[in-house]
Amino acid sequence: MKLGVVGLPNVGKSTLFNAITHAGAEAANYPFCTIEPNVGVVAVPDERLNQLAALYNSKKVTPAVVEFVDIAGLVKGASRGEGLGNKFLSHIREVDAIVHVVRCFEDENVTHVENTVDPVRDITTINLELILADLEAVEKRRDRIRNAARGGADKNAAAEFAFLDKLTAHLEAEQPASSLPVTEDEQLLLDNLFLLSAKPVIYCANIAEADMGTSEDLLPLVQAVKQYASRHGAETIVVCAKTEEELSLLDEEDRALFLSEFGLAESGLDKLIKASYSLLGLISFLTAGEKETRAWTIVKGTKAPQAAGKIHTDFERGFIRAEVVEWQTLLECGGLAGAREKGKVRSEGKDYVMKDGDVVLFRFNV
């Protein structure tokens, strides 16, 4: 899973990125301190892995991972090349979803490109730039297929051109591609365009340290972001990037103590990972043994052979069956042998739909 971290300059993007990836991207109080997109890979927190690894005394524990791409602060006019412009918009096309960091704190020592703090205005500025960049991409595609579509001789080109006309009108009305009603065939055409405004979004409301532990209902800037996100079918998480950076420097025990002092059950990273998995419809299945305990990320609804293919293509090609047990049941039974004795291991075939937390042993023959 690849997430692009975007937002206006000086909203806390790089500070948050540093915290969740330990990648050390420069965070300075001036626009465009992120000159190349910083990329960091972070492990997905998963308590199930540690418990299974302890059961099997595993030599190696391999969590699922998320790749974060920290992209330079966009500004008004980025779609026309303002600031660092299109170069960075192209990086966003490569990600699965967008984490849009929004400033929800006042600090006279941190400049704002618009001189005032207004999160909904900032969101609108960025979203409009994405829409304008998409409009340019769609117009280029229309020009390429115009001749083939003319006269209707090429039915596929004619159908695509008609769809692009509809999409163009939608974008010109300053509406994101994600809100365009489409048929199943049109969805395929839309997916092939890799539009920026079609990507799922998580709004990350970055609050001040002084607001940590305060009810979100009492933070008007956060409420404004949540209301905007709700109207547009997006999710909002609330973090304090500076606090997350401090947390990233602590060991696990001190981190838990720190969070408990603020009455928080989980870190901003945990919230972001969970929101991302939910947004993209992802789950994890597990493999466990003395050699390695590992989490594998798949799309919800994936069947057993395709899940096996995540491990190795031979597993999918020669799939016979999957021996499946729920992770908590496996722990309760003291391992696979105990689970078999109690009849808790299921033998599943090619049509089995994988569930989050399934511990699996694939049988195959090539």
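Please read all numbers here as calculations on a predicted model, not as lab measurements.

Asks: With reference to specific residues and values, describe the overall build of the chain.
Replies: Summing up its helical and strand segments, the chain has 14 helices and 12 strands in all. Taken across its 366 residues, the chain has 47% of its residues classed as buried.

Asks: Would you mind going over the packing of aromatic side chains in detail, with residue names and values included?
Replies: All chains considered together, the criterion is met by 6 aromatic pairs. Through pairs of rings, three or more aromatic residues link up here, namely Phe285, Trp296, Phe319 and Phe362. Looking at Arg294, its charged tip hangs above the ring of Trp296, at a distance of 3.9 Å from the centre.

Asks: Could you give me a rundown of unusual backbone geometry, with the residues and numbers involved?
Replies: Its identity as a non-glycine residue notwithstanding, Asn10 has a phi of 65 degrees, on the positive side. Position of Asn10 relative to the elements: it lies in the loop between strand E1 (2-6) and helix H1 (13-21).

Asks: Could you give an account of the packing of helix H8 (residues 241-248) against helix H9 (residues 252-261), with specific residues and numbers?
Replies: Two measures define how a pair of helices packs: the angle their axes make with one another and the distance between the axes. In the contact formed by H8 and H9, the axes pass within 9 Å of each other and the chain directions differ by 150 degrees. Taken together, the axes of H8 and H9 are roughly antiparallel relative to one another. In this structure, H8 uses Thr243, Glu246, Leu247 and Ser248 to contact H9, whose residues at the interface are Arg255, Phe258 and Leu259. Here the contact of H8 with H9 is built from residues that sort into 3 nonpolar, 2 polar and 2 charged.

Asks: Which residues make up the side chain of Thr62, and what values go with them?
Replies: Assignment of secondary structure puts Thr62 in strand E3 (residues 61-62). Exposure remark for Thr62: the relative accessible area of 17% places this residue in the buried category. Excluding anything up to four places from it in sequence, Thr62 contacts Leu49, Glu292, Thr293, Arg294 and Ala295.

Asks: Report on the sheet that holds strand E4 (residues 65-70), specifying residues and quantitative values.
Replies: Strand order across the open sheet formed by 6 strands is E2-E4-E1-E5-E6-E7, with mixed pairing between neighbours. The open sheet has two edge strands with one neighbour each: strand E2 (38-43) and strand E7 (235-239). In this sheet, adjacent strand axes meet at a mean angle of 25 degrees when their direction is disregarded. Running at roughly 145 degrees to strand E5 (residues 97-103), helix H4 (residues 119-149) makes contact with E5 and strand E6 (201-206) of the sheet. Against the sheet, helix H7 (residues 220-231) touches E5, E6 and E7, its axis set at about 160 degrees to E7.

Asks: How would you summarise the nonpolar core if you had to cite specific residues and measurements?
Replies: Core analysis: the largest hydrophobic core is formed by 61 residues, its most contacted members being Phe68, Ile92, Tyr203 and Ile207. The contacts of Phe68, once residues within four sequence positions are left out, are Leu3, Val5, Phe17, Ile20, Thr21, Asn38, Val39, Gly40, Val42, Leu272 and Ile273. Membership of the second largest hydrophobic core comes to 16 residues, among which are Val138, Ala177, Leu190 and Leu193.

Asks: A description of a negative patch on the surface should follow, citing residues and the corresponding values.
Replies: A contiguous patch of negative charge on the surface is contributed by Asp251, Glu252, Glu253 and Asp254. Assignment of secondary structure puts Glu253 in helix H9.

Asks: Could you give an account of the pairing of E5, naming the residues involved and the relevant values?
Replies: Most of E5 is tucked away: 7 of the 7 residues are buried. Neither face of E5 is exposed, since Ala97, Val99, Val101 and Arg103 on one face and Ile98, His100 and Val102 on the opposite face are all buried. The pairing of E1 with E5 spans 4 bridges and is parallel. Residue pairing across strands places Gly4 opposite Ile98, the latter belonging to E5. Pairing of E5 with E6 involves 6 bridges; the strand directions are parallel. When the bridges of E6 are listed, Val102 appears paired with Ala205.

Asks: Describe H4, listing the residues and the values that go with them.
Replies: Between the first and last C-alpha of H4 there are 43 Å, a value that for 31 residues agrees with the 45 Å anticipated at 1.5 Å per step. By the largest-angle criterion, Asp143 marks the main kink of H4, which is about 30 degrees.

Asks: Which residues make up the pattern of salt bridges, and what values go with them?
Replies: Under the defined criterion, the tally for this structure stands at 21 salt bridges. Residues Arg146 and Asp143 are paired through a salt bridge, measuring 2.9 Å at the closest nitrogen-oxygen approach. With Arg146 and Asp143 both in helix H4, this residue pair falls 3 residues apart, about one helical turn. Residue Arg146 is classed as partly exposed on the basis of its relative accessible area, which comes to 31%. On the accessibility criterion, Asp143 (52% relative accessible area) is exposed.

Asks: Any details on the environment of Lys310? Residues and values, ideally.
Replies: Mapped onto the elements, Lys310 comes out in helix H11 (residues 304-311). C-alpha separation for the pair Lys310 and Trp296, spaced 14 residues apart in sequence, amounts to 7.4 Å. The contacts of Lys310, once residues within four sequence positions are left out, are Trp296, Thr297 and Ile298.

Asks: With reference to specific residues and values, describe the confidence of the model for the chain.
Replies: Residue-level pLDDT values for the chain average 86, and 89% of them are 70 or greater. Note that residues 27-35 has pLDDT below 50 and, in this model, 26 contacts with residues that lie over four places away or in other chains.

Asks: A description of the packing of H4 against H7 should follow, citing residues and the corresponding values.
Replies: Look at H4 against H7: their axes get within 9 Å of each other, and the N-to-C directions meet at 40 degrees. Taken together, H4 and H7 sit at an angle that is classed as oblique. Between H4 and H7, the contacting residues are Pro119, Val120, Ile123, Thr124 and Asn127 on the first element and Leu221, Ala224, Val225 and Tyr228 on the second. Taken together, the residues that form the contact of H4 with H7 break down as 7 nonpolar, 2 polar and no charged.

Scoring rules and cut-offs
- Residues numbered from 1 in each chain as written.
- Predicted model: local features only at pLDDT ≥ 70, side-chain atom pairs only at ≥ 80, totals over all residues.
- Heavy atoms only, no water.
- Helix = DSSP H or I, 4+ residues; strand = E, 2+ residues; numbered from the N terminus.
- Buried < 20%, exposed > 50% of the residue type's maximum accessible area, 1.4 Å probe, protein only.
- Phe/Tyr/Trp six-rings, centres within 6.5 Å; stacked < 30°, edge-to-face > 60°.
- Lys NZ or Arg CZ within 6 Å of the ring centre and 35° of its normal.
- Axes fitted to C-alpha atoms, helices over the stretch in contact; angles between N-to-C directions.
- Parallel < 35°, antiparallel > 145°, perpendicular 65-115°, else oblique.
- Contact = heavy atoms within 4.5 Å.
- Nonpolar A, V, L, I, M, F, W, Y, C, P; charged D, E, K, R; others polar.
- Pairing = 2+ DSSP bridges.
- Core = buried A, V, L, I, M, F, W, Y, C linked by side-chain atoms within 4.5 Å.
- Patch = residues over 30% accessible without salt bridge, like charges linked within 9 Å, V, L, I, M, F, W, Y side chains within 5 Å.
- Areas by Shrake-Rupley, 256 points an atom, 1.4 Å probe, with all protein chains shown as cover.
- Salt bridge = Lys/Arg side-chain N within 4 Å of Asp/Glu carboxyl O.
- Lys, Arg positive; Asp, Glu negative; His and termini not counted.
- Charge placed at Lys NZ, Arg CZ, Asp CG, Glu CD.
- Expected span 1.5 Å × (residues − 1).
- Bend = angle between axes of the 7 residues up to and from the residue.
- pLDDT = per-residue confidence, 0-100.

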